[in-house]
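Survey of secondary and tertiary structure
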Amino acid sequence: MGSALNQCIIRIHEEHHALEDYQGGVPRWCSGCGDNAILAAVQRLCRDEDLAPERTVFVSGIGCSSRFPHYMKTYGFHGIHGRAFPLAEGVKMARPDLNVFVNTGDGDCCSIGAAHWIHAIRYNMNLTVILHDNHVYGLTKKQASPTSPMGLKSNTTPRGAVLEPLNPLLVSLGVANASFIAQGVDWMPEQLYDIIHKAFKHRGFSFVRVIQRCPEFLPRMFEPWLHDPGKTLLLTHANGLRPSAEVSRTYRNQREHDPLDIDTAREIAACEDPIPVGILYHNPAVPCYEDRRHAGAPRSPELTRAGLDAELDKYTIWPEERDSQPAQAV
Amino acid sequence: MVVVVLSDASLSTAQQPFPRPQFSEDWLAPPIDQTPVPEGARPYDWDPVTGIARRFIPGQPGGMHTITGLAHDRMSKVAYDPSINEEGLRARSLKLAALQKTLKAPPVYGAPEGELLLVGWGSTQGAIEEAVDRLRAQGLAVSSMHLRFIQPLPSGIREILQRFKQVMTIEGNWSDRLNDELIDEDNRRYSALAMMLRSRYLVDVDCWSEARGQPIKPGSVVDVALAKMKSPSKKNRG
């Protein structure tokens, strides 16, 4: 009776959140921008998982993508260019109790922040990361990014980009301690939601690359993929995702892929046409950095005092004590 | 607000004995505030007396906002309008002013007034004070003042400077020497602290500096002070 009553009271105090509870303002992204699709999927995730807005933090760097935290009604850190990862790592180390997300773009993550990105994968902290990859610098009005296709004419490459693009999936799959690598596309909202949901549920560094359209600067880039579902390769597995019957009716190009098979994951990641969509790699057994470091263990005043005393003991001399001791014949 | 702590190699690598600190619970970080934010409070509301805004910490219900490096309004929303730009600059400047109000004037080493005041900051304190001891032992009215806060400067420095006939900074950085052929009062680069004191207090501050990458020695300071007192820089006095 008593415990049932308590349960009731707990129920009453449990908050349930609606989508609007996570909407932090009208996005200023262009209409048709893939960022909007990611925002919709993430807000849905927050509602479905009933994440407490005050215990959820979105960290970003700089770029169109990095406006993301401003549009969430949670805590946010709109950081500096390329530095979303170290900021998020700091938040997580100090506050393992918070849900920490990272939003970064192809310029932010793969160019200026590339070193942080690689080490963030290796650290494998429990963060949910979304790479908003629109293949171009949008906020600064069309410059070639590391993922821009070869030949792209932009303000920095007027005669066309001269290099092959960097493949963020292959880079991620090449780093030690990689534990969750997936890819979604902004024009498949159900799959995108499922992938981000799976990423959130993974304890570790969940890296989701989202291929997204930039209607302003690369308006036609993904048209062939939009018109031909055969140019999308859906990855399915019992330990990955199973597309709904509806999705399967349209997207028939499917491949059974065990997310634990990293060699095949790399092979699939190397393929740009068809675009693979789904979980490429998922290994829940890779330990998290915060677990290895025992971060989050309560640091009591006694522990701090003992540590400090031990350190001071190494260097302290006690002349008074020595002088007060009578000399002993040995 | 960005805080810069200036140091140099001889200060940061120096070793000296110090009394063993007695542990105090005051040193411990306070527990993280997780209480709900008061109704209607905004992330950048600030106290006009202290200049400080109460920081909302993740976990505090009702305090959700996004920190940004861009210009923002009091709700922490990115804002580009002219009035907000100016309001932000004013608030940050007043925050510094509020901090300045809490600073005490630095103590004067030696007598509170006299012929020559040597002013320094950072690792030169020991050398300057040893030089002052030696000069005072010779019966010379030399004192020194060591600055801990350089920007903002505490109040009361103007009055200290005015109690001495001559003021000179001793610094480990570059300043032009008047005995160089190319240097005169129109192009002489003063060392950084001398320039700051001159511009803020309109006091004729001379400077001596070394940029040899080695600690300044008390003997050098004694020689410089003796030379300064022997020939008060007429060239410098306008």
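Residues numbered from 1 in each chain as written. Chains lettered and ligands numbered in written order. Predicted model: local features only at pLDDT ≥ 70, side-chain atom pairs only at ≥ 80, totals over all residues. Heavy atoms only, no water.

Once that is clear, we can look at the overall build of chain B. Broken down by element type, chain B carries six helices and six strands. Reading chain B from its N end, one meets helices and strands in the order α-β-α-β-β-α-β-α-β-α-β-α. Its C-alpha atoms give chain B a radius of gyration of 23 Å, clearly above 18 Å, the size a compact globule of 238 residues would have. Principal-axis analysis of the C-alpha atoms gives chain B an extent of 70 × 50 × 30 Å. Every one of the 238 residues in chain B was classed for burial, and the buried ones make up 36%. Counting only contacts in chain B whose residues sit at least 6 apart along the sequence, the fraction spanning at least 24 positions is 68%. Split by element, the accessible area of chain B, about 14900 Å² in all, is 55% carbon and sulfur. (Helix = DSSP H or I, 4+ residues; strand = E, 2+ residues; numbered from the N terminus. Rg over C-alpha atoms; globule rule 2.2 N^0.38 Å. Buried < 20%, exposed > 50% of the residue type's maximum accessible area, 1.4 Å probe, protein only. Contact = heavy atoms within 4.5 Å. Areas by Shrake-Rupley, 256 points an atom, 1.4 Å probe, with all protein chains shown as cover.)

What follows deals with the side chain of Ser144 of chain B. Residues and elements named next belong to chain B. Looking at the secondary structure, you find Ser144 in strand β4 (residues 142-147). Overall, the relative accessible area of 2% leaves Ser144 in the buried class. Those residues in contact with Ser144 that sit more than four places away from it in its chain are Pro107, Val108, Tyr109, Leu117, Leu118, Ile128, Glu129 and Val132.

Turning our attention to the nonpolar core. Residues and elements named next belong to chain A. Grouped together as the largest cluster of nonpolar side chains are 39 residues, with contacts concentrated most on Val42, Phe68, Met72, Trp187, Met188 and Ile275. The set of elements that each furnish at least two residues to this core consists of α2 (34-48), β7 (180-185), α7 (189-201), β8 (205-211) and β11 (275-282). Not counting the four nearest positions on each side in its chain, Val42 is found in contact with Phe58, Phe68, Met72, Ile130 and Ile196. With 36 residues, the next largest nonpolar core counts Ala120, Ile121, Met125 and Leu233 among its residues. (Core = buried A, V, L, I, M, F, W, Y, C linked by side-chain atoms within 4.5 Å.)

Listed by partner, the interface residues are 25 residues for chain A and 26 residues for chain B. Considering only the side of chain A, the residues that lose the most area to chain B are His70, Tyr75 and Arg95 of chain A, jointly responsible for 30% of the buried surface there. In this structure, the connection of chain A to chain B is made through two salt bridges. Taken together, the links from chain A to chain B amount to 17 residue pairs in polar contact (both at pLDDT 80 or more). Contributions of two or more residues to the side of chain A that touches chain B are made by β2 (75-78) and α12 (301-313) of chain A. For the side of chain A that touches chain B, the element with the most residues is α12 of chain A, which contributes seven residues. Partitioning the side of chain A that touches chain B into residue classes produces 10 nonpolar, seven polar and eight charged. Relative to strand β1 (residues 66-68) of chain B, β2 of chain A runs parallel, the two sharing three bridges. Of the residues in β1 of chain B, the one forming a bridge with His78 of chain A is Thr68 of chain B. (Buried area = accessible area lost by both parts, 1.4 Å probe. Salt bridge = Lys/Arg side-chain N within 4 Å of Asp/Glu carboxyl O. Polar contact = N/O pair within 3.5 Å; in protein donor to acceptor, adjacent residues only side chain to side chain. Nonpolar A, V, L, I, M, F, W, Y, C, P; charged D, E, K, R; others polar. Pairing = 2+ DSSP bridges.)

The grouping of Val2, Val4 and Leu6 of chain B at the surface amounts to a nonpolar patch, some 330 Å² of accessible area in total. Topologically, Leu6 of chain B is positioned in the segment before α1 (9-12). (Patch = residues over 30% accessible without salt bridge, like charges linked within 9 Å, V, L, I, M, F, W, Y side chains within 5 Å.)

This paragraph deals with the confidence of the model for chain B. Considering every residue of chain B, the mean pLDDT works out to 92; 97% of them sit at 70 or more. If you check the scores for this complex, the pTM reads 0.88 and the ipTM reads 0.88. (pLDDT = per-residue confidence, 0-100.)

All names here are of chain A. For Ala115, the position within the fold is in helix α5 (residues 114-123). With a relative accessible area of 51%, Ala115 lands in the exposed category. Along the primary structure Ala115 and Ala94 are separated by 21 residues, whereas in three dimensions their C-alpha atoms are 22 Å apart.

Right, let's get into the pattern of salt bridges. Throughout the structure, instances matching the rule amount to 26 salt bridges over all chains. Asp97 of chain A is the partner of Arg55 of chain A in a salt bridge, and the nearest nitrogen-oxygen pair spans 3.4 Å. Taken together, the positions of Arg55 of chain A in the loop between α2 and β1 (56-60) and Asp97 of chain A in the loop between α3 (84-94) and β3 (99-105) put the pair 42 residues apart, joining distant regions of the chain. Between Arg20 of chain B and Asp309 of chain A there is a salt bridge whose closest N-O contact spans 3.4 Å. Within this pair, whereas Arg20 of chain B is found in the loop between α1 and β1, its partner Asp309 of chain A is found in helix α12, the two belonging to separate chains. In this structure Asp309 of chain A comes out as partly exposed when scored by relative accessible area, which is 25%. Residues joined by salt bridges that share partners form a network here, namely Arg44, Arg47, Asp48 and Glu190 of chain A.

Now for the packing of aromatic side chains. Residue and element names in this part refer to chain A. Tallying each qualifying case throughout the model produces 11 aromatic pairs over all chains. One aromatic cluster in this structure is built from Trp29, Phe58, Phe68, Tyr71, Phe101 and Phe200. Above the face of the Tyr193 ring, Arg44 is positioned so that its terminal group lies 3.5 Å from the ring centre. Taking NZ or CZ as reference, Lys231 lies 4.6 Å from the ring centre of Trp225, over its face. (Phe/Tyr/Trp six-rings, centres within 6.5 Å; stacked < 30°, edge-to-face > 60°. Lys NZ or Arg CZ within 6 Å of the ring centre and 35° of its normal.)

Residues and elements named next belong to chain A. Tracing the backbone through its elements, the reader meets Asn124 in the loop between α5 and β4 (127-133). Of the residues examined, Asn124 reaches a relative accessible area of 0% and is grouped as buried. Within the structure, Asn124 has its side chain in polar contact with the backbone nitrogen of Phe205 (distance 2.8 Å). Ignoring anything within four residues of it in the chain, the contact list for Asn124 reads Asn177, Ser179, Gly204, Phe205, Val286, Pro287, Cys288, Tyr289 and Glu290.

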